[in-house]
Amino acid sequence: MTEEFERGLRGALRPVDPPSGFADRVLERLDRQSVVPVEPRVWRPRVRALQRHWYSGVALAASVVLAVVAVNQLQDERSEREGLEARRQLIEALRVTSEKLDLAYEAVNRPPSTDDAGV
Amino acid sequence: MADELLVKARAGDRAAFAGLVRVHQRLVYSVALRMLAQREAAEDLAQEVFLQLHRSLETIESPSHLIFWLQKVTANRSIDRLRREGSFEAAPLEEAIGLAATSEGDPLFERELRRQLLELNPAARAVMVLRYQEDLDPSDIALALDMSINTVKSHLKRSLAMLRQNLGAPLDGCPEEIAG
């Protein structure tokens, strides 16, 4: 009885052929998979990558030039400020020295007073 | 012949690969059809199996290895698809399952057997298809479906009992290879 039942199972599960043209459809699908992705997936991203790198390079170079110019400008301004400050200090020193020389000159050339003559 | 086709297909010969498809399409399509019970879904899955084979040709060692590889991949892909998408909308039974007209046994009994097989869960259905359609031993089924041999025997025992009960066949008796 068991064998008969298993024979029935094997009969019910007898292999069947696929619809005609099955192998051709597999090959068509294989061709589609191997051909379609080539153009967009390989070239377009590379072109975009090159464009992106080109723009990035220009932007980087411009940034470096601007930074160098800005640093030079700041250094020039600082040097000018320091020069003006040194000049102002020199003029002040000369003015003080001149006043002291005037006082000394007056003291040397002043005529002797009467108090001095009586001594 | 099969060995020559395999060697040439591995070397990139398109005609040889087409030959391999023609030789094995019946096996792959039948397993997919018994599992999914829907003609379009079965053809789609069978095509995917051959596309995967094309990518994996380097790993196929011999014609017998190729047959086992196809049985294994088809069964596992079918189980995955059934678990992912659930059972497919049932087509008219004889259109989907076919063969009643060419059957040598009782067509009504065999049709009812096929209908009852669709009531099994995907793993149990795969075990039954590999055992009674592909004639694999329980040990080979265990290898193909990554199960223990006891799990395979348990599936076979329970599925046969269920089928017998639903078909009104006597419940006693069990094939020797799955007894114990």
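Chemist: Help me out: how do you make sense of the overall build of chain A in this one?
Modeler: Broken down by element type, chain A carries four helices and zero strands. Ordered by position in the sequence, the α and β elements of chain A form the string α-α-α-α. For chain A, the residues scored as buried account for 14% of the 119 residues in total. Of the accessible surface of chain A, which amounts to about 9,900 Å², a share of 60% is contributed by carbon and sulfur atoms.

Chemist: I'm lost on the overall build of chain B in this one. Help?
Modeler: When helices and strands are tallied, chain B shows nine helices and zero strands. When the helices and strands of chain B are placed in sequence order, the string is α-α-α-α-α-α-α-α-α. Out of the 180 residues in chain B, the part that is buried amounts to 50%. In chain B, the proportion of contacts linking residues at least 24 apart, taken out of those at least 6 apart, comes to 61%. Summed over all atoms, the accessible surface of chain B reaches about 8,500 Å², with 49% contributed by carbon and sulfur.

Chemist: Help me out: how do you make sense of helix α1 (residues 2–10) of chain B in this one?
Modeler: Every α-helix winds through 3.6 residues per turn, so residues three or four apart in the chain are directed the same way. All names here are of chain B. Among all positions of α1, only Leu5, Leu6 and Ala9 are buried. Relative to the axis of α1, the buried residues are bounded by an arc of 100 degrees and lie together on one face. Packed against the buried residues of α1 are α2 (14–36) and α4 (63–85). Gly12, located one to two residues past α1, shows a positive phi value of around 95 degrees.

Chemist: How should I be thinking about the pattern of salt bridges in this particular structure?
Modeler: Pairing is possible between side chains of opposite charge, provided their charged atoms come close. A full pass over the atoms with the stated rule returns 17 salt bridges over all chains. Where Asp44 of chain B meets Arg29 of chain A, a salt bridge forms, and the shortest distance between an N and an O atom there is 3.1 Å. Residue Asp44 of chain B is located in helix α3 (residues 39–56), and its partner Arg29 of chain A is located in helix α2 (residues 22–35); the two belong to separate chains. Asp44 of chain B sits in the partly exposed class, given a relative accessible area of 27%. In this structure Arg29 of chain A comes out as buried when scored by relative accessible area, which is 16%. Here Arg81 of chain B and Glu48 of chain B are joined by a salt bridge, their closest N and O atoms 3.1 Å apart. Residue Arg81 of chain B is found in helix α4, and its partner Glu48 of chain B is found in helix α3; the two are separated by 33 residues along the sequence. If you follow the salt bridges from partner to partner, you end up with Arg29 of chain A together with Asp44, Glu48, Arg77 and Arg81 of chain B in one network.

Chemist: I would appreciate a short explanation of helix α1 (residues 2–12) of chain A in the present structure.
Modeler: All of the buried residues in α1 of chain A are Thr2, Phe5, Glu6, Gly8, Leu9, Gly11 and Ala12 of chain A. Of the surrounding secondary structure, the elements contacted by the buried residues of α1 of chain A are α2, α6 (107–117), α7 (122–132) and α9 (149–167) of chain B.

Chemist: Would you explain the packing of α6 of chain B against α9 of chain B in this entry?
Modeler: For any two helices packed against each other, one specifies the crossing angle of their axes together with the interaxial distance. Residues and elements named next belong to chain B. Viewed as axis vectors pointing N to C, α6 and α9 meet at an angle of 130 degrees, and their least axial separation amounts to 10 Å. On the basis of their axis angle, the class for α6 and α9 is oblique. Taken as a pair, α6 and α9 cross one another with a handedness that is right-handed. Only Met162, Leu163, Asn166 and Leu167 of α9 make contact with α6, whose side of the interface consists of Phe109, Glu112, Leu113, Gln116 and Leu117. Taken together, the residues of the contact of α6 with α9 sort by class into six nonpolar, two polar and one charged.

Chemist: Help me understand the packing of aromatic side chains, please; the structure alone is not making it clear to me.
Modeler: As enumerated under the stated definition, the model contains two aromatic pairs over all chains in all. Each ring, one from Phe5 of chain A and one from Phe109 of chain B, has its centre 6.2 Å from the other, and the planes form 75 degrees; the classification is edge-to-face. Here Phe5 of chain A, found in helix α1, pairs with Phe109 of chain B, found in helix α6, and the two come from separate chains. Overall, Phe5 of chain A belongs to the buried group, its relative accessible area being 5%. Of note, Arg131 of chain B hangs over the ring of Tyr132 of chain B, and the distance from its end group to the ring centre comes to 5.7 Å.

Chemist: Looking at this structure, I do not really get the interface of chain B and chain A. What am I missing?
Modeler: Interfaces are frequently sized by the accessible area removed from exposure as the parts join. Across the boundary between the two partners, chain B contributes 46 residues, which contact 26 residues of chain A. Buried surface at the junction of chain B and chain A, both sides included, amounts to about 3,400 Å², of which 64% is carbon and sulfur. Together, Arg26, Leu51 and Tyr132 of chain B form the three largest contributors to the area buried by chain B at its contact with chain A, with a combined 19%. At the surface where chain B touches chain A, the tally comes to seven salt bridges. With a closest N to O distance of 2.7 Å, Arg14 of chain B and Asp31 of chain A form a salt bridge. Counting across the chain B and chain A interface gives 12 residue pairs in polar contact (both at pLDDT 80 or more). Going through the elements one at a time, α2, α3, α6, α7 and α9 of chain B are the ones with two or more residues in the side of chain B that touches chain A. At 11 residues, α2 of chain B tops the list of elements feeding residues into the side of chain B that touches chain A. Partitioned by chemical class, the residues of the side of chain B that touches chain A number 22 nonpolar, eight polar and 16 charged.

What counts and how
- Residues numbered from 1 in each chain as written.
- Chains lettered and ligands numbered in written order.
- Predicted model: local features only at pLDDT ≥ 70, side-chain atom pairs only at ≥ 80, totals over all residues.
- Heavy atoms only, no water.
- Helix = DSSP H or I, 4+ residues; strand = E, 2+ residues; numbered from the N terminus.
- Buried < 20%, exposed > 50% of the residue type's maximum accessible area, 1.4 Å probe, protein only.
- Areas by Shrake-Rupley, 256 points an atom, 1.4 Å probe, with all protein chains shown as cover.
- Contact = heavy atoms within 4.5 Å.
- Arc of directions from axis to C-beta.
- Salt bridge = Lys/Arg side-chain N within 4 Å of Asp/Glu carboxyl O.
- Axes fitted to C-alpha atoms, helices over the stretch in contact; angles between N-to-C directions.
- Parallel < 35°, antiparallel > 145°, perpendicular 65-115°, else oblique.
- Left-handed = near helix turned anticlockwise from the far one by under 90°.
- Nonpolar A, V, L, I, M, F, W, Y, C, P; charged D, E, K, R; others polar.
- Phe/Tyr/Trp six-rings, centres within 6.5 Å; stacked < 30°, edge-to-face > 60°.
- Lys NZ or Arg CZ within 6 Å of the ring centre and 35° of its normal.
- Buried area = accessible area lost by both parts, 1.4 Å probe.
- Polar contact = N/O pair within 3.5 Å; in protein donor to acceptor, adjacent residues only side chain to side chain.

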